[in-house]
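Structure at a glance
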Amino acid sequence: MGKKIHIIITGENSQSRSLVVRKNRMRSAAIAVGVLALVLVASLYVSVSSLLEQHSRQQRVADLESRVDWLSSQNRELLTEVNRYQSEKKALLSNAVNHLNERSSQIEDILHKVGIELPVDESGESSGGPYIEVPVDSPDDALLFSSQLIDIIEQVPLGVPCEGYLSSSFGRRRDPFNGRTAFHSGIDIAHYVGTKVKATASGTVVSCGSVSGYGKMIKISHGDRFTSVFGHLDKIMVKRGEQVARGDVIGTMGNTGRSTGPHLHYEIRDQGRAINPYSLTYLKK
Ligand SMILES: [Zn+2]
């Protein structure tokens with residue numbers, strides 16, 4: 001094999017020309033062309049890859065922007081909903097407070113009508129006493145006030161202590177023994193000896209036994225303010241210091257002491273002062 005290649009080029013008018021190319025130059029040229037082609041292919045690949053990656057990145061950014069938009073819209077909707085719930089909650093709470101104030105005022109009115117005034121806090125510090133001006137706006141104050149009213153009602157002697165009819169009213173009257181005008185510090189309820197006598201509010205028995213004029217008597221303290229007294233009893237069924245609940249049977253009607261016939265002498269004292277128990281008993285005259 002020679003080291004040269006003869007290339008014969010033939011023209012249109014039968015002219016021919018011979019080119020002599022060395023084989024090693026051909027190889028070098030082929031290698032150069034091959035390397036160039038490789039470089040071109042590599043740079044084409046890099047360019048295409050870069051374009052594809054850029055496109056993919058732009059797609060991801062677009063997706064993220066779209067997701068952010070969706071989340072923002074969701075967030076706005078949730079905020080609107082939260083605001084709506086908060087408004088509804090505020091309205092419900094306000095209605096509840098108004099309702100509670102209304103009820104408290106009704107209870108206060110009833111207490112006023114039966115002669116029980118709520119203590120006024122003269123110190124100006126509402127937290128110190130059971131008096132809070134109504135209506136109050138704060139749910140806590142409204143609850144506190146109603147709870148204090150309930151406490152007061154719990155300690156107010158209410159209803160009739162026994163069966164019977166009103167035989168003598170509270171206040172000035174003619175004394176049944178000597179005919180002179182005297183102050184009657186309670187009401188008399190007449191019925192049969194042995195009629196059950198019940199506590200009219202929860203409290204503590206502070207004294208019981210025979211007392212001049214009252215005969216067999218029970219005195220119950222209902223907290224700081226009210227005391228109830230039951231006189232002319234036949235039987236005493238409680239002991240001093242005993243706790244009683246509203247409706248508990250504490251004794252029976254009798255005719256003991258300064259009494260002209262079987263009846264219960266029933267007294268209510270408000271901070272020691274005798275008040276007319278009639279309005280608190282709902283007795284028929
Ligand atoms: Zn009496």
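The structure under discussion appears in the preceding block.
We now turn to the structure provided with this report. (Residues numbered from 1 in each chain as written. Predicted model: local features only at pLDDT ≥ 70, side-chain atom pairs only at ≥ 80, totals over all residues.)

When helices and strands are counted, the protein shows three helices and 14 strands. A compact globule built from 285 residues would reach a C-alpha radius of gyration of about 19 Å, whereas the protein, at 53 Å, exceeds it by more than 25%. Put simply, the protein has 285 residues, and 20% of those count as buried. Contacts in the protein between residues far apart in sequence, at least 24 positions, make up 58% of those at least 6 positions apart. (Helix = DSSP H or I, 4+ residues; strand = E, 2+ residues; numbered from the N terminus. Rg over C-alpha atoms; globule rule 2.2 N^0.38 Å. Buried ≥ 20, exposed ≤ 12 C-beta atoms within 10 Å, placed from the backbone. Contact = placed C-beta atoms within 7 Å.)

So, on to the packing of helix α1 (residues 23-113) against helix α2 (residues 139-154). It is at 9 Å that the axes of α1 and α2 come closest, and there the two elements cross at 25°. Here α1 lies roughly parallel to α2, going by the angle between them. The handedness of the crossing between α1 and α2 comes out as left-handed. Every residue of α2 that contacts α1 at Leu93, Val97, Leu100, Asn101, Arg103, Ser104, Ile107 and Glu108 is listed here: Pro139, Ala142, Phe145, Ser146, Leu149 and Ile153. By residue class, the composition of the contact of α1 with α2 is nine nonpolar, three polar and two charged. (Axes fitted to C-alpha atoms, helices over the stretch in contact; angles between N-to-C directions. Parallel < 35°, antiparallel > 145°, perpendicular 65-115°, else oblique. Left-handed = near helix turned anticlockwise from the far one by under 90°. Nonpolar A, V, L, I, M, F, W, Y, C, P; charged D, E, K, R; others polar.)

Looking now at α2. Between its first and last C-alpha, α2 extends 22 Å over 16 residues, near the 22 Å set by a 1.5 Å rise per residue. Residues of α2 that are buried: Ala142, Phe145 and Leu149. Down the axis, α2 shows its buried residues gathered within 65° of arc, on one side only. Opposite the packed face of α2, turned more than 90 degrees from it, sit the exposed residues Asp140, Ser147, Ile150 and Asp151. Buried-residue contacts for α2 involve α1. (Expected span 1.5 Å × (residues − 1). Arc of directions from axis to C-beta.)

A few words on the environment of Asp151. Along the polypeptide, Asp151 turns up in helix α2. Sequence-wise, Asp151 and Gly223 are 72 residues apart; in three dimensions their C-alpha atoms are separated by 9.7 Å.

This brings us to the nonpolar core. Residues Val197, Met217, Ile218, Phe230, Leu233 and Leu264 are the most contacted members of the largest nonpolar core, which totals 26 residues. Elements with a minimum of two residues in this core: β6 (187-190), β9 (215-222), β10 (226-236), β12 (249-253) and β13 (263-270). Excluding its chain neighbours within four sequence positions, the residues that come into contact with Leu233 are Val197, Gly215, Lys216, Met217, Ile218, Gly251, Thr252, Met253, Gly254 and Thr256. (Core = buried A, V, L, I, M, F, W, Y, C linked by C-beta atoms within 7 Å.)

The subject of this paragraph is α1. Between the first and last C-alpha of α1 there are 132 Å, a value that for 91 residues agrees with the 135 Å anticipated at 1.5 Å per step. Among the 91 residues of α1, one are classified as buried, and the element is accordingly described as predominantly exposed. Following α1 by one or two positions, Gly115 adopts a phi angle in the positive range, close to 90°.

Okay, the pairing of strand β4 (residues 171-174) next. Strand direction decides the pairing type here: β4 and strand β5 (residues 181-184), joined by four bridges, are antiparallel. In the sheet register, Gly171 faces β5, and the bridge partner there is His184. Here β4 folds back onto β5, and the loop between the two strands holds six residues, one of which, Gly179, carries a positive phi near 80°. (Pairing = 2+ DSSP bridges.)

As a further point, take unusual backbone geometry. A positive phi angle is found at His232, which is not glycine, with a value near 65°. Within the fold, His232 resides in strand β10. Accessibility expressed as a C-beta count within 10 Å gives 26 for His232, which makes it buried. Of note in the backbone geometry, Gln271 takes a positive phi value of approximately 50° without being a glycine. Counting through the fold element by element, Gln271 comes out in the loop between β13 and β14 (273-275). On the basis of neighbour counts, which here come to 10 C-beta atoms within 10 Å, the residue Gln271 falls in the exposed class.

If you trace the backbone, Ser94 turns up in helix α1. Along the backbone, Ser94 and Pro139 are 45 residues apart, and their C-alpha atoms lie at a distance of 8.0 Å.

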